[in-house]
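# Observations on the model geometry
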Amino acid sequence: MRRRAAADLDACVGLLRAVHDRDGYPVDWPGRPAEWLTPPSPVAAWVAEADGRVAGHVGLARSGAGDLAPALWSGRTGVPVERAAVVGRLFVSPAARGLGLGALLVARAVREARERGLHPVLDVLAHDTAAVALYERLGWSLLDTVDQRWSASRTVTVHCFAAPA
């Protein structure tokens, strides 16, 4: 595992395409996938390699528009929302699943957040049962399940999680 470099973006986009085609993540294919991998207010991003190729990705960012978990965590703990960091853009190659890369990537993002004095949180679509199972297995706490309006004609159900204290 290593910090993502600019030169990794093409490989990450190709991997994201494979994940999208197989699993439907992200739900809507982004018009500019390389930009989608670097959300507003990024902290850092990492890639995991298997057999010398990029096999997974995770990012860490400050709270942005549409992130529900930071405000829920802040409301529950009384800690300012600015002390939260959002784990996101997590995906692992279908061919590399079962190697523990997802858990390793999450652990790396959590470690970075804690080193910066931030608490990791995330939002995940309720229908993404594999991701929900990963976060539960890692001991993350469910903050709430909410319906989030993505557009005038689309509402999705989102689970909001916080990393263990």
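Located above this text is the structure these notes cover.
Residues numbered from 1 in each chain as written. Predicted model: local features only at pLDDT ≥ 70, side-chain atom pairs only at ≥ 80, totals over all residues. Heavy atoms only, no water.

## Observations regarding the side chain of Ser93
Threshold: Here a strand is any run of E in DSSP of at least two residues, a helix any run of H or I of at least four, and the numbering for each starts at the N terminus. Any two residues having at least one pair of non-hydrogen atoms within 4.5 Å are treated as being in contact.
Structurally, the position occupied by Ser93 is in the loop between strand E4 (84–92) and helix H4 (101–115). Residues within four places of Ser93 in sequence aside, it is in contact with Leu15, Val19 and Ala55.

## Here's the deal with the packing of aromatic side chains
This is how it is decided: When two rings of Phe, Tyr or Trp (its six-membered ring) have centres within 6.5 Å they constitute a pair, described as stacked for plane angles under 30 degrees, edge-to-face for angles over 60, and tilted for the intermediate range. When a residue's accessible area, from a 1.4 Å probe over protein chains only, is under 20% of the maximum for its type it is buried; when over 50% it is exposed; and in between it is partly exposed. By definition here, charges over rings are those cases where NZ of Lys or CZ of Arg is within 6 Å of the ring centre and within 35 degrees of the ring normal.
Considering all chains together, one arrives at three aromatic pairs under this definition. Their ring planes at 65 degrees and their centres at 5.8 Å tell us that Tyr25 and Trp36 sit as a pair that is edge-to-face. Remark: Trp36 occurs in helix H2 (residues 33–36) and Tyr25 occurs in the loop between helix H1 (9–23) and H2; sequence separation between them is eleven residues. Among the residues examined, Tyr25 registers a relative accessible area of 23% and is labelled partly exposed. Arranged with centres 5.8 Å apart and planes meeting at 50 degrees, the rings of Tyr135 and Trp140 form a pair that is tilted. Exposure class is identical for Tyr135 and Trp140. Each is buried. Seen from the ring of Trp36, Arg89 lies directly overhead, with NZ or CZ sitting 4.0 Å from the centre.

## A word on the sheet that holds strand E5 (residues 119–125)
Test applied: For two strands to pair, DSSP has to find at least two bridges joining them. Axis angles are defined between N-to-C directions and span 0 to 180 degrees, where every axis is a line fitted to C-alpha atoms and, for a helix, only to the segment in contact.
Taken together, seven strands build an open sheet; the order of strands is E1-E2-E3-E4-E5-E7-E6 and the sheet is mixed. The open sheet has two edge strands, strand E1 (2–3) and strand E6 (141–151), and neither has a second partner. Relative to E5, E4 runs parallel, the two being bridged by three bridges. Across the sheet, residue Ala84 finds its bridge partner in E5, namely His119. Here H4 sits on the sheet in contact with E1, strand E2 (42–50), strand E3 (53–62), E4 and E5, set at roughly 160 degrees to E4.

## Digging into unusual backbone geometry
The amide bond that connects Tyr25 to the next residue, Pro26, takes the cis arrangement and shows omega of -10 degrees. Along the chain, Pro26 falls in the loop between H1 and H2. Although it is not a glycine, Arg89 adopts a positive phi angle of roughly 55 degrees. For Arg89, the position within the fold is in strand E4.

## Side note on the side chain of Glu112
The residue Glu112 is located in helix H4 in this model. Apart from residues lying up to four places away in sequence, Glu112 is in contact with Arg3, Val43, Trp46 and Leu60.

## What to know about the nonpolar core
Stated precisely, the cut-off is as follows: In this text, buried Ala, Val, Leu, Ile, Met, Phe, Trp, Tyr and Cys residues form a nonpolar core when linked through side-chain atoms within 4.5 Å.
Ranked by size, the top nonpolar core spans 29 residues in total, and within it Tyr135 and Trp140 carry the most contacts. When contributions to this core are tallied by element, the ones reaching two or more residues are E2, E3, E4, H4, E5 and helix H5 (129–137). If you tally residues by element for this core, the top one is H4, at six residues. Apart from the residues lying within four places of it in its own chain, the contact partners of Tyr135 are Leu90, Val106, Leu122, Val124, Trp140 and Phe161. The next biggest cluster of nonpolar side chains, apart from the first, holds eleven residues, and it includes Ala69, Val121, Leu125 and Val156.

## Considering helix H3 (residues 69–77)
Given 3.6 residues per helical turn, the α-helix brings residues three or four places apart onto the same face. Counted only if it meets this: Of all possible arcs, the one meant is that of the directions from the helix axis to the C-beta atoms.
Buried residues of H3: Ala69, Pro70, Trp73 and Ser74, and no others. What you see down the axis of H3 is that its buried residues fit within an arc of 130 degrees, all on one side. Across from the buried face of H3, at angles greater than 90 degrees, the exposed residues are Ala71, Gly75 and Arg76. Those residues of H3 that are buried are in contact with E4, E5, E6 and strand E7 (154–162). Of the residues flanking the end of H3, it is Gly78, one or two places downstream, whose phi is positive at about 80 degrees.

Function cannot be inferred from these measures alone, as they are strictly geometric.
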